Amino acid sequence: MEFVKIKGVSYFGVRSPRHVLADMRDILSAGFNAVLHTWSEEDQQYYYGTMKEIVDGSADLGLNVYVNPWGVGRVFGGEAFSELTARNHDMCQVALDGKPKVAACPNHPEFRAYMHRWIESVCNTKVGTIFWDEPHFYFEKGGLGNWSCRCKICQEGFRNRFGREMPDELTQEVLQFREDSLISFLKEMTEHVHSRGKRNCVCMLPPWFPAGLDDWSKVARLGSVDEIASDPYWEKGATEEWVREKYAETARKLVDVAKEYGKDVQMWVKAYQIEEGREKDLAIAVEESRAAGISNIFAWSYRGTETLSWLKSDNPDAVAQAFRNALK
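What counts and what doesn't
- Residues numbered from 1 in each chain as written.
- Predicted model: local features only at pLDDT ≥ 70, side-chain atom pairs only at ≥ 80, totals over all residues.
- Heavy atoms only, no water.
- Pairing = 2+ DSSP bridges.
- Helix = DSSP H or I, 4+ residues; strand = E, 2+ residues; numbered from the N terminus.
- Axes fitted to C-alpha atoms, helices over the stretch in contact; angles between N-to-C directions.
- Contact = heavy atoms within 4.5 Å.
- Parallel < 35°, antiparallel > 145°, perpendicular 65-115°, else oblique.
- Left-handed = near helix turned anticlockwise from the far one by under 90°.
- Nonpolar A, V, L, I, M, F, W, Y, C, P; charged D, E, K, R; others polar.
- Salt bridge = Lys/Arg side-chain N within 4 Å of Asp/Glu carboxyl O.
- Buried < 20%, exposed > 50% of the residue type's maximum accessible area, 1.4 Å probe, protein only.
- Polar contact = N/O pair within 3.5 Å; in protein donor to acceptor, adjacent residues only side chain to side chain.

Draft legend 1. The arrangement of the sheet that holds strand β10 (residues 296-300) in detail. Strand order around the closed barrel formed by eight strands is β1-β2-β3-β6-β7-β8-β9-β10, with parallel pairing between neighbours. The sheet shows a mean angle of 25° between the axes of neighbouring strands, taken without regard to direction. Taken together, the four bridges between strand β1 (residues 6-11) and β10 define a ladder with parallel strand orientation. Following the sheet pairing, Ile6 is matched in β10 by Asn296. Along the sheet face, helix α3 (residues 48-60) touches β2 (34-38) and β3 (64-68) and points at about 175° away from the line of β2. Along the sheet, helix α5 (residues 109-123) makes contact with β3 and β6 (129-133), crossing β6 at roughly 145°.

Draft legend 2. Representation of the packing of helix α1 (residues 17-29) against α3 within the structure. Direction vectors running N to C along α1 and α3 enclose 25°, while the axes themselves pass 10 Å from each other. On the basis of their axis angle, the class for α1 and α3 is roughly parallel. Considering the relative orientation of α1 and α3, their crossing is right-handed. Contact residues: α1 offers Pro17, Val20, Leu21 and Met24, while α3 offers Thr50, Glu53, Ile54, Gly57 and Ser58. Counted by class, the contact of α1 with α3 contains five nonpolar, three polar and one charged residues.

Draft legend 3. Structural context of the packing of α5 against helix α7 (residues 172-195). For the pair α5 and α7, the least separation of the axes is 10 Å and the interaxial angle reads 30°. Of the possible angle classes, the one that applies to α5 and α7 is roughly parallel. For the crossing formed where α5 meets α7, the hand is right-handed. Listed contacts from α7 to Phe111, Arg112, Met115, His116, Ile119, Glu120 and Cys123 of α5 are Ser181, Ser184, Phe185, Glu188, Met189, His192 and Val193. Of the residues assigned to the contact of α5 with α7, the class counts are seven nonpolar, four polar and three charged.

Draft legend 4. Summary view of the pattern of salt bridges. Throughout the structure, instances matching the rule amount to 25 salt bridges. Its salt-bridge partner being Asp56, residue Lys52 comes within 2.9 Å of it at the nearest N-O pair. On the criterion of helical spacing, the pair formed by Lys52 and Asp56 is a turn pair, its members being four residues apart in helix α3. Take Asp56: its relative accessible area is 12%, and that puts it in the buried class. The partner of Arg244 in a salt bridge is Glu288, and the shortest N-O contact between them spans 2.6 Å. One end of the pair, Arg244, is in helix α9 (residues 240-261); the other, Glu288, is in helix α10 (residues 280-291), and 44 residues separate them in sequence. The network of salt bridges with common partners includes Arg161, Glu179, Asp180 and Lys218.

Draft legend 5. Summary view of the side chain of Gln44. Examined against the element boundaries, Gln44 turns out to sit in helix α2 (residues 41-46). Only 3.1 Å separates the side chain of Gln44 from the side chain of Trp39, close enough to count as a polar contact. Excluding residues within four positions of it along the chain, Gln44 makes contact with Trp39, Tyr114, Arg117, Trp118 and Ser121.

Below, the structure is given as C-alpha coordinates:
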(Lines give C-alpha, C1' and ligand atoms only; values in the text may rest on other atoms or scores of the structure.)
Protein backbone atom coordinates (compact mmCIF):
# COMPACT_ATOMS: atom_id res chain seq x y z
CA MET A 1 0.00 0.00 0.00
CA GLU A 2 1.27 3.46 -0.92
CA PHE A 3 0.67 6.33 1.46
CA VAL A 4 0.12 9.46 -0.62
CA LYS A 5 0.91 12.73 1.13
CA ILE A 6 -2.25 14.72 0.62
CA LYS A 7 -3.42 17.76 2.58
CA GLY A 8 -6.91 18.89 1.66
CA VAL A 9 -10.14 20.61 2.56
CA SER A 10 -13.71 20.30 1.34
CA TYR A 11 -15.28 23.32 -0.34
CA PHE A 12 -18.93 24.18 -1.01
CA GLY A 13 -21.49 26.95 -0.97
CA VAL A 14 -20.07 29.16 -3.74
CA ARG A 15 -20.98 28.68 -7.39
CA SER A 16 -19.18 31.64 -8.97
CA PRO A 17 -16.09 30.23 -10.73
CA ARG A 18 -14.28 33.55 -10.38
CA HIS A 19 -14.67 33.57 -6.61
CA VAL A 20 -14.16 29.82 -6.22
CA LEU A 21 -10.88 29.84 -8.13
CA ALA A 22 -9.67 32.77 -6.03
CA ASP A 23 -10.33 30.58 -2.98
CA MET A 24 -8.54 27.67 -4.67
CA ARG A 25 -5.44 29.88 -4.99
CA ASP A 26 -5.78 30.71 -1.31
CA ILE A 27 -5.98 27.00 -0.53
CA LEU A 28 -2.80 26.38 -2.50
CA SER A 29 -0.96 29.28 -0.87
CA ALA A 30 -1.92 27.91 2.55
CA GLY A 31 0.01 24.72 1.77
CA PHE A 32 -2.79 22.40 0.68
CA ASN A 33 -2.56 20.25 -2.42
CA ALA A 34 -6.09 18.82 -2.61
CA VAL A 35 -9.71 19.92 -2.51
CA LEU A 36 -13.05 18.16 -2.40
CA HIS A 37 -15.86 19.85 -4.31
CA THR A 38 -19.45 18.91 -3.51
CA TRP A 39 -21.80 18.04 -6.41
CA SER A 40 -25.42 17.95 -5.29
CA GLU A 41 -28.67 17.19 -7.11
CA GLU A 42 -29.05 20.94 -7.60
CA ASP A 43 -25.59 21.11 -9.17
CA GLN A 44 -26.44 18.17 -11.40
CA GLN A 45 -29.66 19.75 -12.59
CA TYR A 46 -28.78 23.43 -12.83
CA TYR A 47 -25.03 24.00 -12.51
CA TYR A 48 -23.34 21.42 -14.73
CA GLY A 49 -21.34 23.88 -16.83
CA THR A 50 -20.46 25.92 -13.76
CA MET A 51 -19.32 22.84 -11.85
CA LYS A 52 -17.22 21.65 -14.77
CA GLU A 53 -15.51 25.04 -14.87
CA ILE A 54 -14.88 24.92 -11.11
CA VAL A 55 -13.55 21.34 -11.09
CA ASP A 56 -11.43 21.78 -14.22
CA GLY A 57 -10.09 25.11 -12.99
CA SER A 58 -9.12 23.60 -9.65
CA ALA A 59 -7.28 20.78 -11.38
CA ASP A 60 -5.54 23.19 -13.75
CA LEU A 61 -4.19 25.05 -10.71
CA GLY A 62 -2.53 21.81 -9.63
CA LEU A 63 -4.94 20.65 -6.96
CA ASN A 64 -5.81 16.98 -6.56
CA VAL A 65 -9.59 17.15 -7.00
CA TYR A 66 -12.14 14.93 -5.26
CA VAL A 67 -15.89 15.24 -5.91
CA ASN A 68 -18.71 13.77 -3.82
CA PRO A 69 -22.46 13.21 -4.36
CA TRP A 70 -23.40 15.71 -1.66
CA GLY A 71 -26.64 14.63 -0.02
CA VAL A 72 -27.76 12.90 -3.22
CA GLY A 73 -30.84 10.81 -2.48
CA ARG A 74 -29.97 11.22 1.22
CA VAL A 75 -27.99 8.01 0.71
CA PHE A 76 -24.85 10.13 1.13
CA GLY A 77 -23.83 12.66 3.75
CA GLY A 78 -24.33 16.39 3.34
CA GLU A 79 -26.59 19.33 4.05
CA ALA A 80 -27.89 19.62 0.48
CA PHE A 81 -31.60 19.00 -0.03
CA SER A 82 -32.71 16.03 -2.13
CA GLU A 83 -35.85 16.02 -4.26
CA LEU A 84 -35.41 12.63 -5.92
CA THR A 85 -37.94 10.92 -3.67
CA ALA A 86 -40.31 13.90 -3.92
CA ARG A 87 -40.37 13.39 -7.68
CA ASN A 88 -40.67 9.61 -7.41
CA HIS A 89 -42.27 8.34 -4.19
CA ASP A 90 -41.66 4.75 -5.28
CA MET A 91 -37.94 5.41 -4.84
CA CYS A 92 -38.28 6.07 -1.09
CA GLN A 93 -36.79 3.90 1.60
CA VAL A 94 -39.56 2.52 3.80
CA ALA A 95 -38.98 2.14 7.53
CA LEU A 96 -40.27 -0.46 9.96
CA ASP A 97 -43.28 1.75 10.72
CA GLY A 98 -44.33 1.42 7.07
CA LYS A 99 -43.76 5.09 6.31
CA PRO A 100 -41.64 6.31 3.39
CA LYS A 101 -38.55 8.31 4.34
CA VAL A 102 -36.91 11.23 2.56
CA ALA A 103 -34.15 8.96 1.31
CA ALA A 104 -33.82 6.90 -1.84
CA CYS A 105 -33.34 3.16 -1.63
CA PRO A 106 -29.89 2.10 -2.92
CA ASN A 107 -31.55 -1.04 -4.31
CA HIS A 108 -34.02 0.89 -6.44
CA PRO A 109 -33.08 0.65 -10.14
CA GLU A 110 -34.16 4.23 -10.82
CA PHE A 111 -31.87 5.57 -8.10
CA ARG A 112 -29.02 3.53 -9.52
CA ALA A 113 -29.81 4.87 -12.99
CA TYR A 114 -29.69 8.42 -11.61
CA MET A 115 -26.30 7.74 -10.02
CA HIS A 116 -24.93 6.44 -13.31
CA ARG A 117 -25.97 9.74 -14.93
CA TRP A 118 -24.32 11.60 -12.05
CA ILE A 119 -21.11 9.63 -12.64
CA GLU A 120 -21.16 10.43 -16.35
CA SER A 121 -21.50 14.14 -15.61
CA VAL A 122 -18.78 14.31 -12.97
CA CYS A 123 -16.34 12.07 -14.81
CA ASN A 124 -16.61 14.38 -17.82
CA THR A 125 -14.47 16.82 -15.83
CA LYS A 126 -10.85 16.77 -14.66
CA VAL A 127 -11.81 15.22 -11.32
CA GLY A 128 -9.26 12.73 -10.03
CA THR A 129 -11.28 10.82 -7.43
CA ILE A 130 -14.96 10.23 -6.78
CA PHE A 131 -15.56 10.39 -3.05
CA TRP A 132 -18.43 8.14 -1.93
CA ASP A 133 -19.39 10.04 1.20
CA GLU A 134 -20.90 8.04 4.06
CA PRO A 135 -23.13 5.65 2.07
CA HIS A 136 -25.87 4.46 4.41
CA PHE A 137 -29.41 3.31 4.92
CA TYR A 138 -31.70 5.88 6.50
CA PHE A 139 -31.57 5.95 10.28
CA GLU A 140 -33.02 8.18 12.96
CA LYS A 141 -31.14 9.65 15.88
CA GLY A 142 -31.08 7.13 18.66
CA GLY A 143 -30.42 4.01 16.61
CA LEU A 144 -32.35 1.46 14.62
CA GLY A 145 -35.65 1.30 16.45
CA ASN A 146 -37.32 2.30 13.19
CA TRP A 147 -34.90 0.77 10.69
CA SER A 148 -34.94 0.86 6.90
CA CYS A 149 -35.41 -0.35 4.26
CA ARG A 150 -38.58 -2.39 3.81
CA CYS A 151 -39.65 -1.10 0.42
CA LYS A 152 -41.15 -3.59 -2.03
CA ILE A 153 -37.82 -3.95 -3.87
CA CYS A 154 -35.92 -4.75 -0.67
CA GLN A 155 -38.60 -7.16 0.49
CA GLU A 156 -38.55 -8.95 -2.85
CA GLY A 157 -34.75 -9.07 -2.81
CA PHE A 158 -34.76 -10.53 0.70
CA ARG A 159 -37.38 -13.10 -0.28
CA ASN A 160 -35.38 -14.19 -3.33
CA ARG A 161 -32.21 -14.53 -1.30
CA PHE A 162 -33.45 -16.18 1.88
CA GLY A 163 -36.64 -17.89 0.69
CA ARG A 164 -38.93 -16.20 3.21
CA GLU A 165 -40.52 -12.87 4.01
CA MET A 166 -38.41 -10.13 5.54
CA PRO A 167 -39.08 -10.22 9.30
CA ASP A 168 -40.02 -7.20 11.40
CA GLU A 169 -37.02 -7.80 13.63
CA LEU A 170 -33.53 -6.65 12.73
CA THR A 171 -32.20 -10.19 12.50
CA GLN A 172 -28.71 -11.19 11.41
CA GLU A 173 -30.11 -12.01 7.98
CA VAL A 174 -31.65 -8.54 7.69
CA LEU A 175 -28.36 -6.93 8.76
CA GLN A 176 -26.53 -9.02 6.19
CA PHE A 177 -29.02 -8.06 3.48
CA ARG A 178 -28.64 -4.34 4.26
CA GLU A 179 -24.86 -4.53 4.20
CA ASP A 180 -24.69 -6.60 1.04
CA SER A 181 -27.12 -4.18 -0.62
CA LEU A 182 -24.76 -1.28 0.04
CA ILE A 183 -21.79 -3.32 -1.17
CA SER A 184 -23.67 -4.23 -4.37
CA PHE A 185 -24.50 -0.56 -4.91
CA LEU A 186 -20.89 0.55 -4.33
CA LYS A 187 -19.50 -2.19 -6.56
CA GLU A 188 -21.74 -1.14 -9.45
CA MET A 189 -20.97 2.56 -9.05
CA THR A 190 -17.23 2.29 -8.47
CA GLU A 191 -16.82 -0.03 -11.45
CA HIS A 192 -18.52 2.59 -13.62
CA VAL A 193 -16.14 5.25 -12.29
CA HIS A 194 -13.13 3.03 -13.04
CA SER A 195 -14.40 2.52 -16.57
CA ARG A 196 -14.18 6.29 -16.97
CA GLY A 197 -10.56 6.32 -15.80
CA LYS A 198 -11.14 7.89 -12.37
CA ARG A 199 -10.31 6.75 -8.83
CA ASN A 200 -12.76 5.84 -6.04
CA CYS A 201 -12.57 6.64 -2.35
CA VAL A 202 -15.26 5.31 0.00
CA CYS A 203 -15.69 7.17 3.29
CA MET A 204 -17.44 5.04 5.88
CA LEU A 205 -19.33 6.39 8.85
CA PRO A 206 -17.59 5.48 12.11
CA PRO A 207 -18.82 2.35 13.91
CA TRP A 208 -21.12 4.13 16.35
CA PHE A 209 -23.47 5.14 13.51
CA PRO A 210 -25.96 2.44 12.38
CA ALA A 211 -25.23 3.01 8.69
CA GLY A 212 -25.64 -0.61 7.65
CA LEU A 213 -22.02 -0.92 6.53
CA ASP A 214 -20.21 -2.43 9.50
CA ASP A 215 -17.64 -4.72 7.86
CA TRP A 216 -15.19 -2.32 6.24
CA SER A 217 -13.24 -5.18 4.69
CA LYS A 218 -16.17 -5.78 2.31
CA VAL A 219 -15.60 -2.30 0.91
CA ALA A 220 -11.81 -2.60 0.84
CA ARG A 221 -11.85 -5.89 -1.04
CA LEU A 222 -13.75 -4.36 -3.96
CA GLY A 223 -11.29 -4.18 -6.84
CA SER A 224 -12.70 -0.85 -8.01
CA VAL A 225 -12.13 0.88 -4.67
CA ASP A 226 -8.75 2.61 -4.51
CA GLU A 227 -8.95 4.33 -1.13
CA ILE A 228 -10.91 3.97 2.10
CA ALA A 229 -11.63 6.71 4.60
CA SER A 230 -13.63 7.60 7.70
CA ASP A 231 -14.71 10.69 9.63
CA PRO A 232 -15.00 10.14 13.41
CA TYR A 233 -16.22 13.66 14.08
CA TRP A 234 -16.93 14.66 17.65
CA GLU A 235 -20.05 16.33 19.02
CA LYS A 236 -19.97 19.67 20.79
CA GLY A 237 -18.84 19.19 24.37
CA ALA A 238 -16.78 16.06 23.68
CA THR A 239 -13.64 15.83 25.74
CA GLU A 240 -10.10 15.90 24.36
CA GLU A 241 -9.80 12.32 25.56
CA TRP A 242 -12.79 11.31 23.45
CA VAL A 243 -11.30 12.95 20.36
CA ARG A 244 -7.95 11.25 20.90
CA GLU A 245 -9.45 7.84 21.65
CA LYS A 246 -11.87 7.77 18.71
CA TYR A 247 -9.38 9.07 16.16
CA ALA A 248 -6.73 6.59 17.33
CA GLU A 249 -9.24 3.72 17.24
CA THR A 250 -10.65 4.64 13.82
CA ALA A 251 -7.22 5.31 12.31
CA ARG A 252 -5.92 1.91 13.40
CA LYS A 253 -8.98 0.17 12.01
CA LEU A 254 -8.66 1.97 8.67
CA VAL A 255 -4.96 1.24 8.32
CA ASP A 256 -5.34 -2.43 9.25
CA VAL A 257 -8.08 -2.96 6.65
CA ALA A 258 -6.25 -0.91 4.02
CA LYS A 259 -3.02 -2.85 4.47
CA GLU A 260 -4.81 -6.18 4.18
CA TYR A 261 -6.32 -5.25 0.81
CA GLY A 262 -3.62 -2.94 -0.57
CA LYS A 263 -5.66 0.27 -0.50
CA ASP A 264 -4.73 3.88 0.13
CA VAL A 265 -6.19 5.38 3.29
CA GLN A 266 -7.56 8.78 4.18
CA MET A 267 -8.78 10.49 7.36
CA TRP A 268 -11.18 13.39 7.78
CA VAL A 269 -10.83 15.96 10.57
CA LYS A 270 -13.72 18.00 11.89
CA ALA A 271 -13.43 21.72 11.09
CA TYR A 272 -17.04 22.76 11.67
CA GLN A 273 -18.89 23.80 14.84
CA ILE A 274 -15.54 24.09 16.61
CA GLU A 275 -16.06 25.88 19.89
CA GLU A 276 -13.90 28.84 20.83
CA GLY A 277 -10.82 27.55 22.64
CA ARG A 278 -11.16 23.99 21.33
CA GLU A 279 -9.25 24.50 18.06
CA LYS A 280 -6.48 22.25 19.42
CA ASP A 281 -8.78 19.27 18.90
CA LEU A 282 -7.88 19.43 15.21
CA ALA A 283 -4.22 18.90 16.09
CA ILE A 284 -5.14 15.91 18.25
CA ALA A 285 -7.08 14.35 15.36
CA VAL A 286 -4.17 14.91 12.96
CA GLU A 287 -1.65 13.60 15.48
CA GLU A 288 -3.51 10.33 16.05
CA SER A 289 -4.11 9.85 12.33
CA ARG A 290 -0.45 10.31 11.53
CA ALA A 291 0.60 8.07 14.42
CA ALA A 292 -1.32 5.27 12.72
CA GLY A 293 0.46 5.96 9.43
CA ILE A 294 -2.12 8.10 7.62
CA SER A 295 -0.68 10.95 5.57
CA ASN A 296 -3.75 11.73 3.46
CA ILE A 297 -5.73 14.07 5.68
CA PHE A 298 -8.65 16.36 4.82
CA ALA A 299 -10.71 18.80 6.88
CA TRP A 300 -14.44 19.38 6.56
CA SER A 301 -14.40 22.16 5.62
CA TYR A 302 -12.64 25.25 4.24
CA ARG A 303 -12.05 28.05 6.76
CA GLY A 304 -13.95 26.48 9.62
CA THR A 305 -17.09 26.09 7.47
CA GLU A 306 -17.70 29.84 7.72
CA THR A 307 -20.18 30.01 4.80
CA LEU A 308 -22.71 27.61 6.36
CA SER A 309 -24.01 29.33 9.48
CA TRP A 310 -25.51 26.17 10.97
CA LEU A 311 -22.07 24.54 10.99
CA LYS A 312 -19.88 27.65 11.28
CA SER A 313 -17.13 27.45 13.87
CA ASP A 314 -16.98 30.09 16.59
CA ASN A 315 -13.68 31.44 15.24
CA PRO A 316 -13.18 30.33 11.63
CA ASP A 317 -9.81 32.09 11.32
CA ALA A 318 -8.46 30.24 14.35
CA VAL A 319 -9.79 26.91 13.06
CA ALA A 320 -8.21 27.43 9.65
CA GLN A 321 -4.88 28.33 11.25
CA ALA A 322 -5.04 25.39 13.65
CA PHE A 323 -5.49 22.92 10.81
CA ARG A 324 -2.67 24.47 8.76
CA ASN A 325 -0.37 24.33 11.78
CA ALA A 326 -1.32 20.73 12.54
CA LEU A 327 -0.36 19.62 9.03
CA LYS A 328 3.06 21.29 9.02
